[in-house]
Amino acid sequence: MTTNAFTLDDLRRILLEGAGADERVDLDGDILDVQFEALGYESLALLETGSRIEREYGIVLDEDLLTDADTPRALVTAVNEHLLAVPRAA
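The notes below deal with the structure included here. Predicted model, so just to flag it, every value in this text is computed and none were measured. (Residues numbered from 1 in each chain as written. Predicted model: local features only at pLDDT ≥ 70, side-chain atom pairs only at ≥ 80, totals over all residues. Heavy atoms only, no water.)

With that settled, the discussion passes to the overall build of the protein chain. Along the backbone of the protein chain there are four helices and zero strands. Overall, the protein chain shows an N-to-C arrangement of helices and strands of α-α-α-α. Carbon and sulfur atoms make up 49% of the accessible area of the protein chain, which amounts to about 5500 Å² in all. (Helix = DSSP H or I, 4+ residues; strand = E, 2+ residues; numbered from the N terminus. Areas by Shrake-Rupley, 256 points an atom, 1.4 Å probe, with all protein chains shown as cover.)

Structural data, given as structure tokens:
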């Protein structure tokens, strides 16, 4: 488990580990405000992404958080807000 903030690089890594990437999509590009659907990630892939975030960061995310966060920026922000609000074991 990590104690660092959740970053876009963390999200990229988790997306690739969980669902891979459409070869037409450059996840290394400026993707912060691109809709997940346009990046090739449907709801099932985002649920898997959420599960991986939960395991790695030792938190529990509400399913609505994953459906409401429709861009990488929104998901990174929501996860970081959750990390700040929820006390975790040391």
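Still to come is the rest of the account.
Our focus in this paragraph is the nonpolar core. By size, the foremost hydrophobic cluster in this structure holds 24 residues, and its most contacted members are Phe 6, Leu 11, Phe 36, Tyr 41, Ile 53, Leu 75 and Val 79. Looking at this core, the elements that each hand over two or more residues are helix 1 (8-19), helix 2 (43-57), helix 3 (63-68) and helix 4 (72-85). Considering each element in turn, this core owes the most residues, five residues, to helix 4. Residues in contact with Phe 36, not counting those within four places in the same chain, are Leu 11, Leu 15, Tyr 41, Leu 46, Ala 69, Asp 70, Thr 71, Pro 72 and Leu 75. (Core = buried A, V, L, I, M, F, W, Y, C linked by side-chain atoms within 4.5 Å. Buried < 20%, exposed > 50% of the residue type's maximum accessible area, 1.4 Å probe, protein only. Contact = heavy atoms within 4.5 Å.)

Looking now at the packing of aromatic side chains. Throughout the structure, instances matching the rule amount to one aromatic pair. Taking 5.4 Å as the distance between ring centres and 80° as the angle between the ring planes, the aromatic pair formed by Phe 6 and Tyr 57 counts as edge-to-face. Taken as a pair, Phe 6 in the segment before helix 1 and Tyr 57 in helix 2 lie far apart in primary sequence, 51 residues in all. Taken individually, Phe 6 and Tyr 57 each receive the classification buried, so the pair is uniform in this respect. (Phe/Tyr/Trp six-rings, centres within 6.5 Å; stacked < 30°, edge-to-face > 60°.)

For the rest of this paragraph, the subject is the environment of Ala 69. With respect to the helices, strands and loops of the structure, Ala 69 is situated in the loop between helix 3 and helix 4. Separated by 23 residues in the primary sequence, Ala 69 and Leu 46 have C-alpha atoms spaced 9.6 Å apart. Once you skip the residues sitting within four places of it in the chain, Ala 69 turns out to touch Phe 36, Ala 74 and Leu 75.

Bringing the environment of Leu 16 into the picture now. Structurally, Leu 16 can be placed in helix 1. The class of Leu 16 is partly exposed, set by a relative accessible area of 45%. Taking the C-alpha atoms as reference points, Leu 16 and Leu 27, 11 residues apart in sequence, are found 8.9 Å from one another.

With that settled, consider the pattern of salt bridges. A full pass over the atoms with the stated rule returns eight salt bridges. The closest approach of N and O atoms between Glu 17 and Arg 13, which form a salt bridge, is 3.6 Å. Taken together, the positions of Glu 17 and Arg 13, both in helix 1 and four residues apart, correspond to about one turn of that helix. Here the residues in one salt-bridge network are Asp 10, Arg 13, Glu 17, Glu 48, Arg 52, Arg 55 and Glu 56, joined through shared partners. (Salt bridge = Lys/Arg side-chain N within 4 Å of Asp/Glu carboxyl O.)

Purely geometric stuff here, so don't read any function into it on its own.
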